[in-house]
Amino acid sequence: DSGVTQTPKHLITATGQRVTLRCSPRSGDLSVYWYQQSLDQGLQFLIQYYNGEERAKGNILERFSAQQFPDLHSELNLSSLELGDSALYFCASSVGGQPTYEQYFGPGTRLTVT
Amino acid sequence: AQTVTQSQPEMSVQEAETVTLSCTYDTSESDYYLFWYKQPPSRQMILVIRQEAYKQQNATENRFSVNFQKAAKSFSLKISDSQLGDAAMYFCAYRSAEGNDMRFGAGTRLTVKP
């Protein structure tokens, strides 16, 4: 158990819908990262937040957005869902925002778009 | 852009034997971090080992060790005394010292035969 929690574990929804994935970092960690793991694209970095501010952006679609709240939990919002958005979405956290800090991954949320 | 290549989609090893998983990467940077992550059937991403590019000494963690060849841009993982619990997908990852995105290879599925 990494100490990172993600809810829900599974989510099934229809095309065109909007969903919110939630992540709680390890106690004391200030930085949160979101990743997408799909059969087509493999593991991809989406976005990073540090202490409430966006720190780095990867291959995140415009239909996706994220935020980190004052209590440091983070949410990833996916809208206008397409079949290709079906994937495992991971959240990871680290103590600091710099690359030197190790990232600890949560168990993931499996999203199925039908 | 940095790319990570794992040329072995699947590998198998006999229990108690040694296996080496290959990884190469492409970068123009001199300072970066390299990682091996394990993803068992539970889908949890578990950090196995990490290597800082500025360190010449190869990292080791119990039965896991790496062969880091900076000039050749190669970062292989050696698993000694393989155990049934080592069966998993293994991902090689690159992280720049300047940025926070992490690039992953396509993964190698390791099977351990009893």
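Refer to the structure printed above.
About the cut-offs
Residues numbered from 1 in each chain as written. Chains lettered and ligands numbered in written order. Predicted model: local features only at pLDDT ≥ 70, side-chain atom pairs only at ≥ 80, totals over all residues. Heavy atoms only, no water. Pairing = 2+ DSSP bridges. Helix = DSSP H or I, 4+ residues; strand = E, 2+ residues; numbered from the N terminus. Axes fitted to C-alpha atoms, helices over the stretch in contact; angles between N-to-C directions. Contact = heavy atoms within 4.5 Å. Buried area = accessible area lost by both parts, 1.4 Å probe. Salt bridge = Lys/Arg side-chain N within 4 Å of Asp/Glu carboxyl O. Polar contact = N/O pair within 3.5 Å; in protein donor to acceptor, adjacent residues only side chain to side chain. Nonpolar A, V, L, I, M, F, W, Y, C, P; charged D, E, K, R; others polar. Core = buried A, V, L, I, M, F, W, Y, C linked by side-chain atoms within 4.5 Å. Buried < 20%, exposed > 50% of the residue type's maximum accessible area, 1.4 Å probe, protein only. Disulfide = S-S within 2.5 Å.

**Q** Even after reading the chapter, I still don't get the sheet that holds strand β7 (residues 64–68) of chain A, so can you show me in this structure?
**A** Two pairing modes exist for strands in a sheet, parallel and antiparallel, and in both the strands are linked by backbone hydrogen bonds. Residues and elements named next belong to chain A. Read from one edge to the other, the open sheet built from four strands follows the order β1-β3-β8-β7, with strand pairing classed as antiparallel. Two strands bound the open sheet, and with one partner strand each, they are β1 (5–7) and β7. Between one strand axis and the next, the sheet turns by 15 degrees as a mean value, whatever way the strands run.

**Q** Sorry if this is basic, but what is going on with the interface of chain B and chain A here?
**A** Accessible area lost upon the coming together of the parts is a frequently used measure of interface size. Contact residues are listed per partner, giving 17 residues for chain B and 22 residues for chain A. The junction of chain B with chain A conceals about 1,600 Å² of combined surface from both sides, 52% of it contributed by carbon and sulfur atoms. At the junction of chain B and chain A, the tally comes to zero salt bridges. Between chain B and chain A we count seven residue pairs in polar contact (both at pLDDT 80 or more) in total. Elements with a minimum of two residues in the side of chain B that touches chain A: β5 (32–39), β6 (46–52), β10 (88–96) and β11 (102–104) of chain B. Class assignment for the residues of the side of chain B that touches chain A results in eight nonpolar, five polar and four charged.

**Q** Is there a simple way to explain the nonpolar core in this structure?
**A** Burial of nonpolar side chains together is a common tendency in soluble globular proteins. One finds Tyr25(B), Trp36(B), Phe75(B), Leu77(B) and Tyr90(B) to be the most contacted residues of the largest nonpolar core, which totals 25 residues. For this core, the secondary structure elements donating two or more residues are β3 (19–21), β5, β6, β8 (64–69), β9 (74–79), β10 and β12 (108–113) of chain B. Per element, the largest residue contribution to this core is four residues, and it comes from β10(B). Excluding residues within four positions of it along the chain, Leu77(B) makes contact with Val19(B), Thr20(B), Leu21(B), Trp36(B), Val48(B), Ile49(B), Phe64(B), Ser65(B), Val66(B) and Tyr90(B). Among the nonpolar cores identified, the runner-up in size contains 20 residues, and Trp34(A), Tyr49(A), Leu76(A) and Leu81(A) belong to it.

**Q** Would you explain the pairing of β8(B) in this entry?
**A** Regular strands show a simple pattern: their side chains alternate between the two faces of the sheet. Residues and elements named next belong to chain B. Bridging between strand β7 (residues 60–61) and β8 involves two bridges; their strand directions are antiparallel. From the neighbouring strand, Glu61 faces β8, where its bridge partner is Phe64. Between β7 and β8, which pair antiparallel one after the other, the connecting turn spans two residues, and Asn62 there sits at a positive phi close to 55 degrees. Pairing geometry for β8 and β9, over six bridges, is antiparallel. Looking across to β9, one finds that Asn67 is bridged to Ser76.

**Q** Would you take a moment to explain the state of the cysteines for this structure?
**A** Throughout this description, disulfide means a covalent bond between two cysteine sulfur atoms. Taken as a whole and assessed by the stated rule, the structure comprises two disulfides over all chains. Between the sulfur atoms of Cys23(A) and its disulfide partner Cys91(A) the distance amounts to 1.8 Å. Taking the torsion about the sulfur-sulfur bond, which here is approximately -50 degrees, the covalent link between Cys23(A) and Cys91(A) counts as left-handed. Of this pair, Cys23(A) sits in strand β3 (residues 19–24) while Cys91(A) is found in strand β9 (residues 87–94), placing the two residues 68 residues apart along the sequence. Across this residue pair, the class does not change: Cys23(A) and Cys91(A) are buried. Two residues share a disulfide in this structure: Cys23(B) and Cys92(B), whose sulfurs sit 2.0 Å from each other. Its S-S torsion of approximately -70 degrees makes the covalent link between Cys23(B) and Cys92(B) left-handed. Pair noted here: Cys23(B) is in the loop between β3 and β4 (24–26) and Cys92(B) is in strand β10, with a separation of 69 residues, a long-range link. Both residues of the pair, Cys23(B) and Cys92(B), count as buried.

**Q** Would you take a moment to explain the side chain of Asn77(A) for this structure?
**A** Residue and element names in this part refer to chain A. Secondary-structure assignment places Asn77 in strand β8 (residues 74–78). A polar atom in the side chain of Asn77 sits 2.8 Å from the side chain of Thr20. Filtering out sequence-adjacent residues up to four positions away, Asn77 remains in contact with Arg18, Val19, Thr20, Arg63, Phe64, Ser65 and Gln67.

What is shown is where atoms sit, not what they do.
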